[in-house]
Protein chains: 2
Amino acid sequence: MSQELRRFKAEIFQALAHPTRIAIVEALRHGETSAGQLIERLGLEQANASQHLTVLRSKQIVISRKEGNQVFYSLRDPVLIEVLDVLKRYFYSQLSQTMSMLKEIQKEKATTKR
Amino acid sequence: MSQELRRFKAEIFQALAHPTRIAIVEALRHGETSAGQLIERLGLEQANASQHLTVLRSKQIVISRKEGNQVFYSLRDPVLIEVLDVLKRYFYSQLSQTMSMLKEIQKEKATTKR
DNA sequence: CTAGTATATTCGACTTTGCGAATTTTCGTA
DNA sequence: TACGAAAATTCGCAAAGTCGAATATACTAG
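Let us look at the structure shown here.

1. Some words on the pairing of strand β3 (residues 70–75) of chain A
All names here are of chain A.
Okay, so step 1: Relative to β3, strand β1 (residues 33–34) is paired through two bridges, and the arrangement is antiparallel. Its bridge partner being in β3, Thr33 is matched across the sheet by Tyr73.
Okay, so step 2: A loop of two residues connects strand β2 (residues 62–67) with β3, the two strands running antiparallel in sequence, and Gly68 in this loop sits at a positive phi of about 60°.

Here it is in structure tokens:
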């Protein structure tokens, strides 16, 4: 079962492991959006967008609703936004760690130089 | 910059997008562990384990410390555990949604059958 | 220096992913 | 029915990921 859970998690990560798909998820953050709108806002190729949406749909990250000519997408579970937000914090924490590391190096240079 | 951030997130997701690497991260959850211990506990091929560890190291998810003959690994930032925990909640929420969907289908079957 | 243990790297086969061009499908409407 | 718009699918190719076998490297102890 734990093995299953890890496979499941890996699939979710895999589904999110592309800048374009992250952009799509973030774009859906504030509500339903049609495929066309996504293409326009994110500046994507039509086929490419559709392929990425297929990935997200197949992993149930996104659900689609047909209305006449077009298809509207939305996030199936807003919990995923939490994941992205946690990662944002992670990003900045990593960034500041890198910065202080650089500062350390600067200091050392200064000391050895003298 | 937002584009950068998305690339960064995508890389983190990519690094976690494999059951074995998730298992490794979870194993490191409660503290430093040597490569050998990971191999034993998770039942991995030596080369394979090392390859996955390389991926995690290259994305800075994990840091390594050499002590004599062996190499100890630990999580660079425990925030990642949060991500995994959020996903666990997501997993169960999805699971229960699926279950109630199945129940609905059962009910419908029962009604149409009569 | 030699042997042994722990870990990393390289190699070759294979699978998967990502892309745009072209095509197809699905609607709504004339 | 025929046309146009929106979206999905297919195709061919390049790039990336995964695996185990074999090999290399780093360290320790004798």
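Picking up where we left off.
2. With respect to the interface of chain B and chain A
Okay, so step 1: In this complex, chain B contributes 36 residues to the contact, which on the side of chain A involves 36 residues.
Okay, so step 2: Counting the surface lost from both chain B and chain A, the interface buries some 3,800 Å², and carbon and sulfur atoms represent 68% of this.
Okay, so step 3: When the buried area of chain B at its contact with chain A is split by residue, Lys9, Phe13 and Tyr90 of chain B rank highest and sum to 19% of it.
Okay, so step 4: In this assembly, chain B and chain A are joined by six salt bridges.
Okay, so step 5: With a closest N to O distance of 3.4 Å, Glu26 of chain B and Arg6 of chain A form a salt bridge.
Okay, so step 6: Counting across the interface, chain B meets chain A through nine residue pairs in polar contact (both at pLDDT 80 or more).
Okay, so step 7: At the level of elements, α1 (2–16), α2 (19–28) and α5 (79–113) of chain B are the ones that each hand at least two residues to the side of chain B that touches chain A.
Okay, so step 8: For the side of chain B that touches chain A, the leading source of residues is α5 of chain B, giving 15 residues.

3. Observations concerning the protein's contact with DNA strand C
Okay, so step 1: Neighbouring DNA strand C are 23 residues, the closest being Gln51 and His52 of chain A together with Gly36, Gln46 and Tyr73 of chain B.
Okay, so step 2: Within 4 Å of the protein, the contacting atoms of DNA strand C are 64% sugar and phosphate, with bases supplying the remainder.
Okay, so step 3: One nitrogen or oxygen atom from the main chain of Ala35 of chain B is found 3.5 Å from a phosphate oxygen belonging to DNA strand C.
Okay, so step 4: A breakdown of the residues in the surface near DNA strand C according to their chemical character gives five nonpolar, 14 polar and four charged.

4. Some points on the packing of aromatic side chains
Aromatic ring pairs: the centre-centre distance and the angle between the two ring planes describe each pair.
Okay, so step 1: With the rule as written, the count across this model stands at seven aromatic pairs over all chains.
Okay, so step 2: Here the aromatic rings of Phe91 of chain B and Tyr92 of chain B are separated by 5.2 Å at their centres, their planes lie at 70°, and the arrangement is edge-to-face.
Okay, so step 3: Classification of Phe91 of chain B as buried rests on a relative accessible area of 10%.
Okay, so step 4: Take Tyr92 of chain B: its relative accessible area is 40%, and that puts it in the partly exposed class.
Okay, so step 5: Taken together, the aromatic side chains of Phe8 of chain A together with Tyr90, Phe91 and Tyr92 of chain B make up a single cluster linked through ring pairs.

The rules we used
Counting restarts for each chain, with residues numbered from 1 along the sequence as it is written. Just so you know, chain letters begin at A and ligand numbers begin at 1, following the order they were written in. Residue-level local features of this predicted model are given only where pLDDT is at least 70; pairs of side-chain atoms are given and counted only at 80 or more, and the full residue set underlies all totals for whole chains, interfaces and linings. Neither water nor hydrogens contribute to the side-chain values; these are computed over all heavy atoms in the structure. Any two strands with at least two DSSP-identified bridges between them are counted as paired. Segments assigned H or I by DSSP are reported as helices when at least four residues long, segments assigned E as strands when at least two residues long, and all are numbered from the N terminus. In what follows, residue pairs with any heavy atoms lying within 4.5 Å of each other are defined as contacts. Put simply, buried area is the surface a 1.4 Å probe can reach on two separate parts but cannot reach once they are joined, added for both. A pairing counts as a salt bridge when a side-chain nitrogen of Lys or Arg comes within 4 Å of a carboxyl oxygen of Asp or Glu. Under the rule applied, a polar contact is a pair of N or O atoms within 3.5 Å (in protein, one hydrogen donor and one hydrogen acceptor; residues adjacent in sequence only if both atoms are side-chain atoms). Only heavy atoms are used to decide nearness, and a residue is near a molecule or strand if one of them lies within 4 Å of it. Following the grouping adopted for this structure description, the nonpolar residues are Ala, Val, Leu, Ile, Met, Phe, Trp, Tyr, Cys and Pro, the charged ones are Asp, Glu, Lys and Arg, and the polar ones are all others, Gly among them. The aromatic pairing rule takes the rings of Phe, Tyr and Trp, using the six-membered ring of Trp, and pairs them if the centres are within 6.5 Å, calling planes under 30 degrees apart stacked, those over 60 edge-to-face and the rest tilted. Think of it in three bands: residues with accessible area under 20% of the maximum for their type are buried, residues over 50% are exposed, and the middle band is partly exposed, with areas taken using a 1.4 Å probe on protein chains only.

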